[in-house]
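Here is how the chains run, residue by residue.
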Amino acid sequence: MARYSRTEGTIALITLSNPPVNALGAAVRRTITDIMHRALTDGEVKAVVLCGENGTFCAGADIREFGKPPSGPALVPLIHDMEASEKPVVAAIEGVALGGGLEIALGCHYRIAHAKARLGFPEVMLGLIPGAGGSQRLPRLIGIPAALELITTGRLVSAQEALKLGIVDQVVDGNTIETAVKFALNVIGRPLLSRRLSERTPAFSVDAAAVLEEGMARVKQRARGAFAPVVCVQALRAAATLPYSRGMETEEQLINTLIDSSQARALQYCFFAQRNARKWSLPSGARWNNSKPRAVHRVGVVGLGTMGRGITVSLVKAGISVVAVEMEEKQMDLGMRAVLGMLERDAQRRGDTRPPTHLLTFTLSLQQLGNVDLVIEAVFEDMALKKCLFTELCNVCKPSTLLCTNTSGLDVDALAVVTHRRSLVVGMHFFAPANVMKLLEVVCGPHSSAEAVATAMTLGKRLGKVGVVVGNCPGFVGNRMMKLYLDQAYFLLEEGAAPEQVDQVLEEFGFTMGIFKVSDLSGLDVGWRVRKASGLIGPDVNPKTPSRWRQGCRYSPLPDLLCEQGHLGQKSGRGWYLYETPGGKEPKPDPAMHRFLQEYRSRYGLTPRHVHAHEVIERCTYAMANEGFRILEEGIAARAEDIDVIYVFGYGWPRHRGGPMFHAAQVGLATVLQRLEHYHQLHPDVPHLQPSPLLQRLVEAGSPPVHHWREHVQHLHSYL
Ligand code: 3HC
Ligand code: NAI
């Protein structure tokens, strides 16, 4: 847990040792408390160096202990005793010093960091504030404005930035521990008063008051209903206005308001869900830790439209060579300029002189893909076109090339079977804009090999994506659930709501953007094309079929009617909202839309009613979760956690609410079931509101916690 040794005669070296990240679990806290006491009371020891094993100082509190009854000694008295000591204590920081790890380092009198180290207070991402003095010591060290930014965002800083800010005293390229020991020998006997951060008064000027006020306003606006960032500002206000001891009391009171909150639970759930998503397995027994990915040096991207451009930028930024293929010159020119522009802006932001354009080849010829290791196809969402392309790719590419499709919902198996290398075909479903959005659904069909899945997941990780392995079905996980969410939103408009009202409720719930704003941003024609291809609109529909009825259930033609009028969203200047010009970004409620909805309702004899905010949330989020249970039952997602990761990283679901499945668990499965039954009774023509069998069984089983749900899946179809 921690080791004690003596070096250079008078220096005590304390090494934290709790792999993989030296988290401060109860046993670690107990051990360091004991050995720090020993070092501080041993007359032969003149100075102490604190470091971590395996190149990591400390990643903070053990997150697995949150929510359990407290045990072991607290950090605050340990840090206090260390700081109060008359012997200099030097932190030798390698790897990371995060959360409680940085709080320990701030209790040391000096801090030496390796050039590659990162430091920060990510507690806010876990629904907390730094709770062992960090919110009181950091502002005393670097001032209110800088501390406010770091603590409210959870941003980590490099060693170089930490040096500039004054968080560390020295940055070293070589051996950090040896340097810290030499440093400690040098400072023995020097006065320590000015090195004790708790003894300092943060300069509290009128400016600081204004900074805190502005900070609070900014944080409230960005927090989308999350409490922790707001509480962080309150803790900083205490640091700025109260003596240290009273500030510490306030910090304790504030963290106690958060520690058992539902938001903290949700955020901590997200932390582990994101990490567990990497641990995929297939029915064959192949797993993330026994399957070898192929090396990928050169990638072909086919189609340089919205998605192909973002994918190309992501690949090049990760240092991977790309051969980008278009079918026509004009698109190639547009695509090429867009890619180069994005890379140029990115290089400028990072202060690089030249973007890595040498990694790029643009071509109109598929033949140039002969030597690539992997292809990502991003042409129009048209099965016939994609099949043709995959057949051609088989002839052009070397036999070992992986063929991946970025389809947003077409059958990946149907593409695999037209190739002679079914095992090398997987979906790599990126999200727009692909160079920004973190999510990557890796779609695995029955033919996909473990090697192909491992390669796609590893490539995703190199691109900085959060990969989730999912099974093959229309829309996979994310878009399959999204369809039902959209349907509910359209139905709410039919029943009396306005787009901006629905969006406001969803944004107050915490979504990054309301569903209608998202739809305008993506373009209404995207779904229109899919509905045409799936026979919901167009010549295949029997002319006698009522407009609001398709394939045996309720259907809303509202988005089709907008598309027919050329109202495609931002790109056309009009969609669910009005924009100043085509391509405009600022949505304004559109009086013409309100008239259009009134006319629509009277045409179909629909009496508008007031739609309450809670109905918007319940119908949208419970419909999604209900489909999530079906997805679990069918084995399209391996875990409820995976579904939640998909929604948090790909669909702007508020992280502090965990994801649609976790949210359903927090609301209570029995409540969700009862509300779905209620809505299904009111709307029997919407089969997706009928509670799924898995949800019913879970409620009968007493609503077990999320990670036990899989045990209640009856006939595991086992895609995954
Ligand atoms: N507690 C428990 N487990 C932790 C942990 C922590 N603080 N930090 C990481 N882990 C676990 C991960 O779950 C993962 O476990 P797994 O292998 O079983 O999936 C393993 O350590 C490795 O983590 P990563 O996969 O994330 O490894 P990376 O190298 O990509 O990242 C990291 C390392 C930067 C340290 C990253 O894990 C991280 O950001 N950890 C969280 C740090 C944090 O939030 N600290 C604050 C805690 S709250 C606190 O300290 C309160 C204080 O104010 C009192
Ligand atoms: P897009 O219409 O913007 O671009 C498609 C591009 O492919 C065009 O530039 C076209 O010229 C090119 N193309 C068509 N046939 C080609 C061929 N045979 N060879 C070379 N190039 C060819 O389409 P977008 O939006 O980029 O979508 C591409 C794919 O990504 C689709 O399958 C779509 O469903 C999927 N997708 C789209 C998302 C979005 O938000 N737009 C999100 C996730 C997936």
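Definitions and limits used
- Residues numbered from 1 in each chain as written.
- Chains lettered and ligands numbered in written order.
- Predicted model: local features only at pLDDT ≥ 70, side-chain atom pairs only at ≥ 80, totals over all residues.
- Heavy atoms only, no water.
- Helix = DSSP H or I, 4+ residues; strand = E, 2+ residues; numbered from the N terminus.
- Rg over C-alpha atoms; globule rule 2.2 N^0.38 Å.
- Buried < 20%, exposed > 50% of the residue type's maximum accessible area, 1.4 Å probe, protein only.
- Contact = heavy atoms within 4.5 Å.
- Areas by Shrake-Rupley, 256 points an atom, 1.4 Å probe, with all protein chains shown as cover.
- Lys, Arg positive; Asp, Glu negative; His and termini not counted.
- Charge placed at Lys NZ, Arg CZ, Asp CG, Glu CD.
- UniProt positions renumbered as here; feature names shortened; annotations may be inferred.
- Near = heavy atom within 4 Å.
- Polar contact = N/O pair within 3.5 Å; in protein donor to acceptor, adjacent residues only side chain to side chain.
- Nonpolar A, V, L, I, M, F, W, Y, C, P; charged D, E, K, R; others polar.
- Right-handed = clockwise from strand over helix to strand, strands pointing away.
- Pairing = 2+ DSSP bridges.
- Axes fitted to C-alpha atoms, helices over the stretch in contact; angles between N-to-C directions.
- Parallel < 35°, antiparallel > 145°, perpendicular 65-115°, else oblique.
- Left-handed = near helix turned anticlockwise from the far one by under 90°.

Draft legend 1. Structural view of the overall build of the protein. Helices and strands together make up the secondary structure of the protein, namely 27 helices and 19 strands. Over its C-alpha atoms the protein spans a radius of gyration of 28 Å, differing by no more than 12% from the 27 Å that the globule rule assigns to 720 residues. When its C-alpha atoms are laid out on the principal axes, the protein stretches across 95 × 60 × 55 Å. Each of the 720 residues in the protein was classed as buried or not, and the buried ones make up 56%. For the protein, restricting intrachain contacts to residue pairs at least 6 apart in sequence, the fraction spanning at least 24 positions comes to 72%. Surface accessibility of the protein: about 30400 Å² in total, with carbon and sulfur atoms responsible for 54%. Each charge class in the protein can be summarised by its mean position, and for the 78 positive and 70 negative side chains these summaries are 3 Å apart.

Draft legend 2. Main features of the UniProt feature "domain: 3-hydroxyacyl-CoA dehydrogenase NAD binding" (unreviewed entry) in the protein. Taking the UniProt record as the reference, the feature "domain: 3-hydroxyacyl-CoA dehydrogenase NAD binding" (unreviewed entry) is found at residues 299-472. The span residues 299-472 shows a helical share of 37% and a strand share of 22%, and its end C-alpha atoms are spaced 23 Å apart.

Draft legend 3. Expanded view of the site of ligand 1. Neighbouring residues of ligand 1: 24 residues in total, closest Ala-59, Glu-123, Arg-275, Arg-278 and Lys-279. The contact in question runs from an oxygen atom of ligand 1 to an N or O atom on the side chain of Arg-275, over 2.6 Å. About the coverage of ligand 1: the protein hides 74% of its 980 Å² of free accessible area. Where the shell around ligand 1 is concerned, the elements lending two or more residues are α3 (100-107) and α11 (262-276). Element by element, the count of residues in the shell around ligand 1 is highest for α11, at three residues. A per-class count over the shell around ligand 1 returns 13 nonpolar, four polar and seven charged.

Draft legend 4. Main features of the site of ligand 2. The immediate surroundings of ligand 2 are formed by 22 residues, with Glu-326, Gln-331, Glu-381, Lys-386 and Ser-408 found nearest. Here a nitrogen atom of ligand 2 sits 3.4 Å away from a polar atom, N or O, in the main chain of Met-327. Measuring from an oxygen atom of ligand 2, one finds a backbone N or O atom of Val-379 at 3.3 Å. Put simply, the parts of the chain that give the shell around ligand 2 at least two residues each are α12 (306-317), α14 (383-396) and β15 (425-430). Here the shell around ligand 2 is composed, by residue class, of 11 nonpolar, eight polar and three charged.

Draft legend 5. Layout of the pairing of strand β10 (residues 298-302). Here β10 lies mainly inside the structure; four of its five residues are buried. For the crossover from β10 across α12 to strand β11 (residues 321-325), the handedness is right-handed. The pairing of β10 with strand β13 (residues 374-377) spans four bridges and is parallel. Bridge pairing in β13 links Gly-300 to Val-375.

Draft legend 6. Representation of the pairing of strand β2 (residues 11-16) in the model. Counting buried positions along β2 yields six of six residues, so the element is predominantly enclosed. By the alternation rule, side chains of β2 split into Ile-11, Leu-13 and Thr-15 and Ala-12, Ile-14 and Leu-16, which are all buried. Two strands pair when backbone bridges link them, and strand β1 (residues 2-7) and β2 are joined in this way by six bridges, in the antiparallel orientation. Paired with Ala-2 across the bridge in β2 is Leu-16. Two successive antiparallel strands, β1 and β2, enclose a turn made up of three residues, where Glu-8 displays a positive phi of approximately 50°. In this structure, β2 lies alongside strand β3 (residues 47-52), joined through six bridges in parallel fashion. Following the sheet pairing, Leu-16 is matched in β3 by Gly-52.

Draft legend 7. Quick peek at the sheet that holds β11. Taken in spatial order, the eight strands line up as β12-β11-β10-β13-β14-β15-β16-β17 in an open sheet, and their pairing is mixed. Strands with a single pairing partner mark the edges of an open sheet, and in this sheet they are β12 (360-363) and β17 (466-471). Taken over all neighbouring pairs, the strand axes of this sheet differ in orientation by 25° on average, direction set aside. Across four bridges, β15 lies against strand β16 (residues 439-444) in antiparallel orientation. Of the residues in β16, the one forming a bridge with His-429 is Glu-441.

Draft legend 8. View of helix α24 (residues 640-650). Most of α24 sits inside the fold, with 11 of its 11 residues counted as buried. Those residues of α24 that are buried are in contact with α11, β16, β17, α17 (478-495), α23 (613-633) and α25 (660-667). Immediately beyond the C-terminal end of α24, within one or two residues, lies Gly-652, with a positive phi of roughly 70°.

Draft legend 9. Quick peek at the packing of α23 against α24. At a minimum axis separation of 10 Å, α23 and α24 run at an interaxial angle of 135°. As the angle between them shows, α23 and α24 are arranged oblique. Crossing angle aside, the handedness with which α23 passes α24 is right-handed. In contact with Met-624, Gly-628, Ile-631 and Leu-632 of α23, α24 contributes Ala-640, Ile-643 and Tyr-647.

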